[in-house]
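Summary of the model geometry
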Amino acid sequence: MAKRFSQRGLRLYSKKEPAASLDIIRPTNIRQVSIPIKTETGLNCELVVDFDTVVKPGQKLAAPLDGEGLCVYSSVAGVVTKTYESTHPVLGAVTYVIVECSTMDIPETIAPQEISLLTPEEICQLAESHSIIDELDGTPLYKKLRNMMEAHPSVVFADAIEDEAYQSSAWGTIYEDFFQVITGLRLIAQCAGTERYQIASAMPRHYWRHTKEHVDSKYLYLARPNFYPHDDLQHMEKEECRVGVQACRALFRAAAYDEPQIECLLTINGDAVSLPANVRVPVGTSLRLALEIVGGDPEALLVLGDNMKGVEISSVDVPIVPSMTCILCLKEKTLPNPTVCQYCGLCARVCHRHLMPFEIARRYENKQYSFLPALHPGDCDGCNACSFACPAHREVAEAVAGAKEESSINQIMWEVTPNGD
Amino acid sequence: MATNNHAPFSKESYATIPLPVNVLVALFPLYVFSVVFFGTRPLILLCASVLTAMACEGISNWLMLRKNRFQDGTAIVTGALIASVMSPLTPIFVPILASAFAILVVKMPFGGTGRNLFNPAASGIALTTVCFPNLMFMYPDNEIRVSITAFTFDATQAPSPASELFTHAKSSYLWYDLLLGDVPGAIGTTAILILFACAVFLFARRSLSPALTLSFLVTCAVFSLLFPRTDEGRLQSILLELCSGYLFFGSIFFLNDPTTSPSHTLARIVYGVMTGLLVMLLRHFGQFEEGMCFAVMLCNVLASPLDRVCWKLLHHRHKRKEAAA
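What this report covers is the structure whose coordinates are included nearby. This is a predicted model, so every value here is computed, not measured.

Quick look at the overall build of chain B
For chain B, the count of helices and strands is 15 helices and three strands. Taken over the C-alpha trace, chain B has a radius of gyration of 20 Å; the compact-globule value for 325 residues is 20 Å, and the two agree within 12%. Overall, the C-alpha framework of chain B stretches about 65 × 50 × 35 Å when taken along its three principal axes. Counting every position in chain B, which comprises 325 residues, the buried fraction comes to 56%. Contacts in chain B between residues at least 24 apart in sequence constitute 74% of all its contacts with a sequence separation of at least 6. With 21 positive and 17 negative side-chain charges, chain B shows a separation of 17 Å between the mean positions of the two kinds.

Rendered as structure tokens:
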């Protein structure tokens, strides 16, 4: 309780509704998907099928050149037509392969296979061969599992703390497939060699009564709702034991259905969307189509990620990949002009790294760089809470980021030419 | 308008109402009270003070080649605060002089809003207190209820609780009179209960820092408990000291000026304690019955250094904790 009062951060008004309580939407009118096979970070594959081949969902499209890394699987049933190169806001420069969809059948529900007792090494190979990507940071799951096997964390968390205002994709996954998530998480815990595994979530308690499957509360780690940034996340990072909820679900499906990760779930929310919802689409679906389904305005301000840490995306013709979990569609393209800082101290009150953002910004804007190292701008982790809280609408976080860069340059110079004082 | 191209994209849910508006809303009931209690003179003083402040701000911004001449409501707040601590009998030129001094000398030469070193309202009051102590501290007798208009020049005067404390006279006011404001005093400063409600409102709106106001009031209370200036007991001493003069008013409106007070919580507590001690010392040994404005001005200088020192202290502690964890 005392910790709850001393915690520093913002109290946000939740905007997850109605997306959080609605069922997940699955589009059926997909014409083509563009699946990345070669990226700047990670993938480096060559096509293993010829053009004009008919492929099934889950069929291997491309395999890594040097034999190491993730394979690429087709996410829909259709015909492979061509490859092309483009840039992607998450992956950088990418080579895509286009699969033209033939039919979009709703997959039949098959009973899962009995998951046999797997050794940690087998679980790793399962994650690698089914090319599961952790949606939290876009790294392959098998690398995380290998790290866990070495680090032996005492507890493993499925991170569903969506501490920002709009995103609810992790909650949506749990809402529909709690059993799959918790079983996948059990496999991950087995791999890490621990008995303790929990789903960390900041959804209020009453939400948990309405999940489609019964939830045992011993699997839950309930964090403080509507609070940003969540300090528990940092604790988890230290132990290297956070995995995404969708990765857990994908691991279960790999074990039970022998199905690679070919779907991803993303929240489309914001005031320019007529029906905010969670949408489950095959990997490679164009964002334009996903926006059409929920009635989003493609001309509006599009944000990849949530309100606090997102980035603006300029084009809607972006293929959806597993590390995209939230898209915001906002009407407002302009903000009120910033006014003079009044030193009200709100930014210092919300800073969870215990910094003085207003002082750092003042020194930085006055170009008094020699004062910066004493103010520790390097501790900032870019949560943007100070900019959000500023009543004068100043971009405090941007100034702090500049100061961080400047002080690191200063430090390097000091290391090269140290002088007496 | 600034383009919305980096995070955070939507800010509308936090701190939407600017601080000057909150302060003006909080001042409104005080003026209703004073008009009912004294007559129309407080409104005339208020208008004179606010118009002077705005005119001075406009002229200075014009001289400084700024496009936006009345940047925000801060000049209105300064004018309103100055008028609030005037006696209803004060001639009209006194608040005009105070506002002009506050804006033209204390605020604008340092760069205007957010850059001033001293609290403009407190320094305006300080100037007129030094120049015209008789005009500042002559209060109308509350027993004889006459409406004070613009043309009232010779109302019966009575000693305020602060001056009774100052001259060590026996206090003639009861505790409920003090709380309800039925005592001789300045326009907006006598009604302690209304001021208390204003403080709660501003706490809720996050315009006011509880750390600063409470530490200040507690220091004053402890000081008056230890060193009473009246013979009627120590508890009565606390009540008289806190409710007399514009100590309570100043603890809400002067002390909490965001620009001139520290921003760090620990620094705010230290600042409140220091100001409280200074106010009580000035009341005991000063030349005037009320020294709030001088105490605030003296402590304004220390706001920024206090911030830095206290932040360093706590940050080192926080870092050590993090390293240990």
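Quick notes on the sheet that holds strand β11 (residues 220–222) of chain A
Consider a sheet: its strands pair through backbone hydrogen bonds, and that pairing is either parallel or antiparallel. All names here are of chain A. In space, the four strands of this open sheet follow the order β11-β10-β9-β13, with parallel pairing throughout. If you trace the sheet from one side to the other, it starts and ends with β11 and β13 (242–244), each paired once. Direction aside, the axes of adjacent strands within the sheet are offset by 35 degrees on average. The pairing of strand β9 (residues 155–160) with β13 spans three bridges and is parallel. Counterpart to Ala158 in the pairing with β13 is Val243. Across the sheet, helix α7 (residues 245–257) lies against β9 and β13, angled at about 70 degrees from β13, the strand it touches most.

Observations concerning the interface of chain A and chain B
Taken together, the 52 residues of chain A in the interface contact 34 residues of chain B. Taken over both partners, the interface formed by chain A and chain B buries close to 4000 Å², and the fraction arising from carbon and sulfur atoms is 53%. Per-residue buried area on chain A facing chain B is highest for A:Leu335, A:Gln342 and A:Phe388; these three make up 17% of the total on that side. Run the count over chain A and chain B and you get two salt bridges. Here B:Arg308 makes a salt bridge to A:Glu359, at a shortest N to O gap of 3.7 Å. Applying the counting criterion to the chain A and chain B interface returns nine residue pairs in polar contact (both at pLDDT 80 or more). Of all the secondary structure elements, the ones that give two or more residues to the side of chain A that touches chain B are β1 (10–11), β16 (301–304), β17 (311–312), β19 (334–335), α9 (346–350), α10 (357–365) and α11 (385–389) of chain A. It is α10(A) that contributes the most residues to the side of chain A that touches chain B, four residues altogether. Broken down by class, the residue content of the side of chain A that touches chain B amounts to 25 nonpolar, 11 polar and 16 charged. Relative to strand β1 (residues 2–3) of chain B, β19(A) is paired through two bridges, and the arrangement is antiparallel. When the bridges of β1(B) are listed, A:Thr334 appears paired with B:Thr3.

Describing the environment of A:Ala93
All names here are of chain A. Tracing the backbone through its elements, the reader meets Ala93 in strand β8 (residues 92–101). Each C-alpha atom of the pair Ala93 and Thr41 lies 9.1 Å from the other, and the pair is 52 residues apart in sequence. If we ignore the near neighbours within four places in the chain, the residues touching Ala93 are Lys38, Thr39, Glu40, Ser86 and Thr87.

Conventions we followed
Residues numbered from 1 in each chain as written. Chains lettered and ligands numbered in written order. Predicted model: local features only at pLDDT ≥ 70, side-chain atom pairs only at ≥ 80, totals over all residues. Heavy atoms only, no water. Helix = DSSP H or I, 4+ residues; strand = E, 2+ residues; numbered from the N terminus. Rg over C-alpha atoms; globule rule 2.2 N^0.38 Å. Buried < 20%, exposed > 50% of the residue type's maximum accessible area, 1.4 Å probe, protein only. Contact = heavy atoms within 4.5 Å. Lys, Arg positive; Asp, Glu negative; His and termini not counted. Charge placed at Lys NZ, Arg CZ, Asp CG, Glu CD. Pairing = 2+ DSSP bridges. Axes fitted to C-alpha atoms, helices over the stretch in contact; angles between N-to-C directions. Buried area = accessible area lost by both parts, 1.4 Å probe. Salt bridge = Lys/Arg side-chain N within 4 Å of Asp/Glu carboxyl O. Polar contact = N/O pair within 3.5 Å; in protein donor to acceptor, adjacent residues only side chain to side chain. Nonpolar A, V, L, I, M, F, W, Y, C, P; charged D, E, K, R; others polar.

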